[in-house]
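# Observations on the model geometry
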Amino acid sequence: MKEPVMELTETDIRYEFPVLRSYPDMVYLDSGATTQKPESVLRRIDRYYRLENANVHRGIHALGEAATEAYEGSRDRVFKFINASRREEIVFTGGTTDAINLVASGFRESLLKPGKKILLSGMEHHANLVPWQLAAQRSGAELDFIPVSDDGSLELEDLEARLNNKVAIVALTQVSNVLGTVNPIDRIIDTAHSMGIPVLIDAAQSISRIPVDVQQLKADFLVFSGHKVYGPTGTGVLYGREEWLDRLPPYRGGGDMIDTVDLHTSTWNTLPYKFEAGTPNISGAAGLGAALEWLDRRDVRRVGEHEELLTEILRSRLEELSWIKMLPAPEGARTGLVSFTIDGIHHYDAAQVLDKKGFALRSGHHCAQPLHRRFGLEGSLRASFGAYNRESEIDRLLDALHDTRRFLS
Ligand code: PMP
C-alpha cells in the first residue's frame, strides 16, 4: 500500500490543531460533520476582537477600517480560492444551509411557478432538499430527482430527458456526505447549460478536498460552509454568477443591504451587499479567510489526495470483514469518507462503544434520510477524514471495530 502523499511530518500537522493536541489519543473521524480548526484560524479570530473590533463599512476611523479590511480581505481570499471572475459574486452567508435557503427563496419569489420543476438528486443532504421542498410547496413548482444507482453513482443515462424547458434549476451535491461519491458535475453543468438551465453546486463536502474553479466549471451558484473547511462555524459562502445574483430579489431586509430607504419603499445596495443585511459575522469571515489561507498553504489538491488514499485504505480493510457492509461508492469517483453498518449491531450502540475507546465517528442518517432509505437503512456509521488523519488511525479503528463487535454481540 502506498504511503499518504503528504510530505509533512504528520506530528506537525496535528500539532497545529489545539483539539487534537489536547486529546492526543483521540481518533477524530468526523471531519465530514466539521473539521478541527488550526491555530492560525483561532489566532485570526482572536486578533479581530483584540485589535480590530469595530463594525464594517461604517466608521471613518482606524478600527472601522481595520474591521472592513478583515472582512473584505476575506472576501478577496474566497474569490481567489474558487477563482470567481468578480469579487462581487462572493456573498457571505451563515453556512451552506443558509446559502441554499437564500437561492431557493429567491427562485421561489421570482422564477418558480406551477409547471416549473426543480431537479435534485437522490443523494442530497437535507440542506439541499428541504429548502427546495419549501420553495416547491409555496410556488406550486414540482421536485424531480436524479436517481442513485446501486453502485452509489447518479443515474445519468436519462439526464437529457429530465432536463427540459420546465426545469428552472438543478441543485446537486459535488461530493455525497454519506457515500463519498464524487459526482461528474462538469458534465451535468454542460448538459444543463445546453438547455439554458442554471445549476447550483453544494460544495460543502468537496471544498476542502477538491480544487474548485467556478469559472472552469461554469457553475451558476456554488455554496459551502466555513466550518467544514477548517474555518469557524456560522460562516459560509454563496458564489453566484453576477447575472444570476442580479436576477434574485433580496433575501433579508435591514441595514447595509439598501441604497435608499423611504417609509414605504427602498432600493437595494449593489452586489454582494444586497444579500448581506445587518452586521455580518466579521470575526467569522476573518477566520474563514485564515482557513482558506491555511488550506492554500497545505494545498487542497494534496490534502484531497491524502484523504482519497485513506478512503481507499479504509474501504479495502473493511471489505475483508464479512460482518461489515459498506454503503456503495463508485470506484475511481469517491473520496473523504466511508459509511457502513455492522451486522446485528445498531449504529448508535457501536458509535457509543467506539466513543468510549476514543474514536469520534458519526452515527445516524447524516441528514440524508432518503438516501439511507434508498439502501434499505435507517442509519449508518460514518468515518470521514481530514488533512490530519493518518493511516495508523485506520489500523486502530479496525482493532476497535473487532472489539466493539465482540462487546456488543
Ligand atoms: N450539504 C452537504 C453535502 C453537507 O455535508 C452538509 C453538512 N453536513 C450540508 C450541506 C449542510 O451544511 P451546514 O450544516 O454547514 O449548513
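It should be noted that the structure appears before, not after, this text.
The paragraphs below set out a description of the structure included in this document.

Glancing now at the site of the ligand. The immediate surroundings of the ligand are formed by Thr96, Thr97, His125, Ala127, Thr173, Asn177, Asp202, Ala204, Gln205, Ser225, His227 and Lys228. A distance of 2.6 Å separates an oxygen atom of the ligand from a polar side-chain atom of serine 225. Contacts to the ligand include lysine 228, whose side-chain N or O atom sits 2.6 Å from a nitrogen atom. Coverage of the ligand by the protein amounts to 87% of the 400 Å² it exposes when considered alone. Grouping the constituent residues of the shell around the ligand by class yields two nonpolar, eight polar and two charged.

Of all hydrophobic cores here, the largest spans 67 residues; its most connected members are Ile82, Val170, Leu222, Phe224 and Tyr230. Looking at which element gives the most residues to this core, the answer is helix 11 (residues 282–298), with eight residues. Viewed by domain, this core spans two of them, domain 1 (13–30 + 299–408) and domain 2 (42–297), each represented by three or more residues. Setting aside its immediate chain neighbours within four residues, isoleucine 82 contacts Ile90, Ile207, Val212, Asp213, Val214, Phe224 and Tyr239.

Now for the pattern of salt bridges. For the structure shown, the criterion picks out 28 salt bridges. Its salt-bridge partner being arginine 86, residue glutamate 242 comes within 2.6 Å of it at the nearest N-O pair. With a gap of 156 residues between them, glutamate 242 in helix 10 (residues 242–247) and arginine 86 in the loop between helix 4 (62–81) and strand 2 (90–93) connect regions that are remote in the sequence. Residue glutamate 242 is classed as partly exposed on the basis of its relative accessible area of 28%. For aspartate 403, the salt bridge goes to arginine 406, with nearest N and O atoms at 2.6 Å. Here aspartate 403 pairs with arginine 406, and both are found in helix 15 (residues 391–408), just three residues apart, close to one helical turn. On the basis of relative accessible area, aspartate 403 is assigned to the partly exposed category, the value being 32%. Among the ionic contacts, a cluster of salt bridges with common partners joins Glu72, Arg75, Asp76, Arg87 and Glu276.

It is worth spelling out the packing of helix 5 (residues 96–110) against helix 6 (residues 130–139) at this point. Where helix 5 contacts helix 6, the axes come no closer than 9 Å and their chain directions differ by 15 degrees. Taken together, helix 5 and helix 6 sit at an angle that is classed as roughly parallel. The two elements helix 5 and helix 6 meet at a crossing, and its hand is right-handed. Contacts from Ile100, Asn101, Val103, Ala104, Phe107 and Arg108 of helix 5 reach helix 6 at Pro131, Trp132, Leu134, Ala135, Arg138 and Ser139. Of the residues assigned to the contact of helix 5 with helix 6, the class counts are eight nonpolar, two polar and two charged.

This next bit is on the environment of serine 153. Turning to its location among the elements, serine 153 is positioned in the loop between strand 4 (142–146) and helix 7 (159–162). In the structure, serine 153 is positioned 116 residues away from lysine 37 in sequence and 31 Å away in space, judged by C-alpha atoms. Ignoring any residue separated from it by four or fewer positions in sequence, one finds serine 153 in contact with Met123, Pro147, Val148, Thr181 and Pro330. Polar side-chain contacts of serine 153 include one of 2.6 Å to the side chain of aspartate 151.

We now examine the packing of aromatic side chains. In this structure the tally under the stated criterion is twelve aromatic pairs. Where phenylalanine 107 meets tryptophan 244, the ring centres are 5.7 Å apart and the plane angle is 25 degrees; that geometry is what we call stacked. With a gap of 137 residues between them, phenylalanine 107 in helix 5 and tryptophan 244 in helix 10 connect regions that are remote in the sequence. A relative accessible area of 0% means that phenylalanine 107 is categorised as buried. Plain terms: the ring middles of tyrosine 230 and tryptophan 294 are 4.8 Å apart, the flat faces sit at 50 degrees to each other, and that makes the pair tilted. Of this pair, tyrosine 230 sits in the loop between strand 7 (221–225) and strand 8 (236–240) while tryptophan 294 sits in helix 11, placing them 64 residues apart in sequence. In this structure, tyrosine 230 and tryptophan 294 share a single accessibility class: buried. Taken together through their ring pairs, the aromatic side chains of Phe17, Tyr28, Tyr230, Trp294 and Tyr388 make up a single cluster. Across the ring face of tyrosine 15, the terminal group of arginine 21 is positioned such that the distance to the ring centre comes to 4.7 Å. It is arginine 374 that lies over the ring of phenylalanine 375; its NZ or CZ is 4.6 Å from the centre.

Here is what the cut-offs are and how they apply
Residues numbered from 1 in each chain as written. Predicted model: local features only at pLDDT ≥ 70, side-chain atom pairs only at ≥ 80, totals over all residues. Heavy atoms only, no water. Near = heavy atom within 4 Å. Polar contact = N/O pair within 3.5 Å; in protein donor to acceptor, adjacent residues only side chain to side chain. Areas by Shrake-Rupley, 256 points an atom, 1.4 Å probe, with all protein chains shown as cover. Nonpolar A, V, L, I, M, F, W, Y, C, P; charged D, E, K, R; others polar. Core = buried A, V, L, I, M, F, W, Y, C linked by side-chain atoms within 4.5 Å. Buried < 20%, exposed > 50% of the residue type's maximum accessible area, 1.4 Å probe, protein only. Helix = DSSP H or I, 4+ residues; strand = E, 2+ residues; numbered from the N terminus. Domains from an automatic or database assignment. Contact = heavy atoms within 4.5 Å. Salt bridge = Lys/Arg side-chain N within 4 Å of Asp/Glu carboxyl O. Axes fitted to C-alpha atoms, helices over the stretch in contact; angles between N-to-C directions. Parallel < 35°, antiparallel > 145°, perpendicular 65-115°, else oblique. Left-handed = near helix turned anticlockwise from the far one by under 90°. Phe/Tyr/Trp six-rings, centres within 6.5 Å; stacked < 30°, edge-to-face > 60°. Lys NZ or Arg CZ within 6 Å of the ring centre and 35° of its normal.

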